[in-house]
Amino acid sequence: MKLIDRYIQEVKRHLPRKNRQDILAELRSALVDAVEDRAAGEPTEDQAAEVLKEFGPPREVAASYQPETQYLIGPALFPLFKMVALIALAAVVGAQLLAWVVAIFLAGESFAPWDALAGLLSSIPMTLGWVVVVFYLLQRAEVQPDLKSEDWNPYELPEVQAGEEIKRGELITGIVFSVLLLVLFTFFPEKVGFLTTEDWVFYTNPVILRYLGWITASLVAGITLNIYLLWQGRWTPLTRVLKIAVNIFNIAVLAVLYQGHVAWLAERDAVGFLSTVERIPEMVGGSWQELGMQAFRMGLGIALLVTVIETVILVVRRVMISLNNGEERGQLPTG
Amino acid sequence: MLDMMKETQFSELYEKLTQELRRGMLVLAVLSRLDEKRYGYDLISRLDEKGLEIEQGTLYPLLRRLEDQGLLTSEWNVEGSRPRRYYLLSPDGERMLDELTGEWETIVETMQGLLENQLQ
């Protein structure tokens, strides 16, 4: 019965090492029993094939001898895995945002926002990968997490969270403001600049003109998300993540603009903002333009800082919500 | 077309639920036949006689697990036409069979009560 030999060989390839020979010997004797039972005289290969077909594919038979269902990360470890993965991701994203701020405000070398954004994106699968590797090793070592499920206290359950509702007023204000800016940037880009009080000359901001496309993209992204939020009426896990993504994009655009202003001013050897203000009385044309650009730079810097802080808070809150409530909450029907 | 798909889905689910229902029962069935030494294929025939079909691919790994859990002992016997692995209840296995049988009686009684209307 050659087929049985071939079958046994195939099962062997997938069997765990422990007791392998013993299991194979038993399988062989059982298969021969079954085939002989079926045949009146000398069994044929067709009869063997029939029995083998009933017995099941070799890989499945071998798998049923595995001590447990095989998991990369088993159900006992999974909740802990999810928690650690979220914390690790928040930490990595948060640390990089902080590093951006340091790079933009403190470091002398120029900050490359698109490289930084690419770095941020690639750090996410890398972080997840390492967490998976660690948990895979824990799973292999059969570590059982002790989550004290025995003595949990119903009275210690977290309060029902009211924070899921959106703030309508805030969203509408945001939309109106963004639309006004969008109209301004789209139809009158040459009107973005500053007017000097001395000779009433209007200077267009050259850096903003250069990055108009990116500014428009960031405004449109923000407006779209806000409208969607208004329509939905409440935060969901998806929109929270989208909000963080839009914020990170905004940070990148603001960083580019900030860098642009710094470079523009450096080209003209401009002195600091305060020294320029001190010299206002004796200033002429060109210096007024520098003062204006410095004011723009300061404003952008503040906007950048505020957005970074807001994003870090959003990331932390997102993680806290995941840890407290699980994912389902946000998807509950609104009615 | 849609009805056929629904029908397939239903029968797949039925298969799955039946399997789940049988899974716990199989251990008790196997233990009940091992008060004397038997080898795998013999065990299958005995269960079959009583109307319980069990696939070979399910039985052999199950026997291994029960042995690992200390409910069965086993040894090779080379006296027959070919070597066969014989299984027998261990003292723990005998006790477990008693306990589970008691549990089974309770389950049957409870389920009879619950399914009163369906069973008529």
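Conventions and cut-offs
Chains are numbered independently. Their residues run from 1 in the order of the written sequence. Labels follow written order: the first chain is A, the first ligand is 1, and so on. Given that the model is predicted, a residue must reach a pLDDT of at least 70 before its local features are reported, and side-chain atom pairs must reach 80 or more before they are shown or counted; all residues, however, enter totals for whole chains, interfaces and linings. The side-chain figures draw on all heavy atoms in the structure; neither hydrogens nor water molecules are used. Secondary structure elements follow DSSP: runs of H or I no shorter than four residues count as helices, runs of E no shorter than two count as strands, and numbering proceeds from the N terminus. Burial status follows relative accessibility: with a 1.4 Å probe on protein chains alone, a residue under 20% of its type maximum counts as buried, one over 50% as exposed, and anything between as partly exposed. Residues count as neighbours in contact if any of their non-hydrogen atoms are within 4.5 Å of one another. Accessible surface is estimated by sampling points in the Shrake-Rupley manner with a 1.4 Å probe; for residues, cover comes only from the protein chains shown. For every residue, the predictor states its confidence as a pLDDT score lying anywhere from 0 to 100. Note: two strands are recorded as paired if DSSP finds a minimum of 2 bridges between them.

1. Focus: the overall build of chain B
Part 1 of the argument: When its secondary structure is counted, chain B shows five helices and three strands.
Part 2 of the argument: Starting at the N terminus and walking to the C terminus, you meet the elements of chain B as α-β-α-α-β-β-α-α.
Part 3 of the argument: Here chain B holds 120 residues, and the buried ones make up 30% of them.
Part 4 of the argument: The long-range share in chain B, meaning contacts at least 24 apart out of those at least 6 apart in sequence, stands at 44%.
Part 5 of the argument: Accessible surface computed for chain B: about 8700 Å², of which carbon and sulfur atoms make up 52%.

2. Here's the deal with the confidence of the model for chain A
Part 1 of the argument: Per-residue confidence for chain A gives a mean pLDDT of 80; residues scoring 70 or more make up 82%.
Part 2 of the argument: Segment residues 327-335 of chain A: pLDDT under 50, and 14 contacts once partners within four positions in sequence are set aside and those in other chains are kept.

3. Points about the sheet that holds strand 1 (residues 38-39) of chain B
Residues and elements named next belong to chain B.
Part 1 of the argument: The strand order across the open sheet formed by three strands is 1-3-2, and the pairing between neighbours is antiparallel. The open sheet has two free edges, formed respectively by strand 1 and strand 2 (72-77), since each of these has just one partner strand.
Part 2 of the argument: Summarising the sheet, strand 1 and strand 3 (residues 84-89) pair through two bridges and their orientation is antiparallel. Paired with R38 across the strands is Y87, a residue of strand 3.

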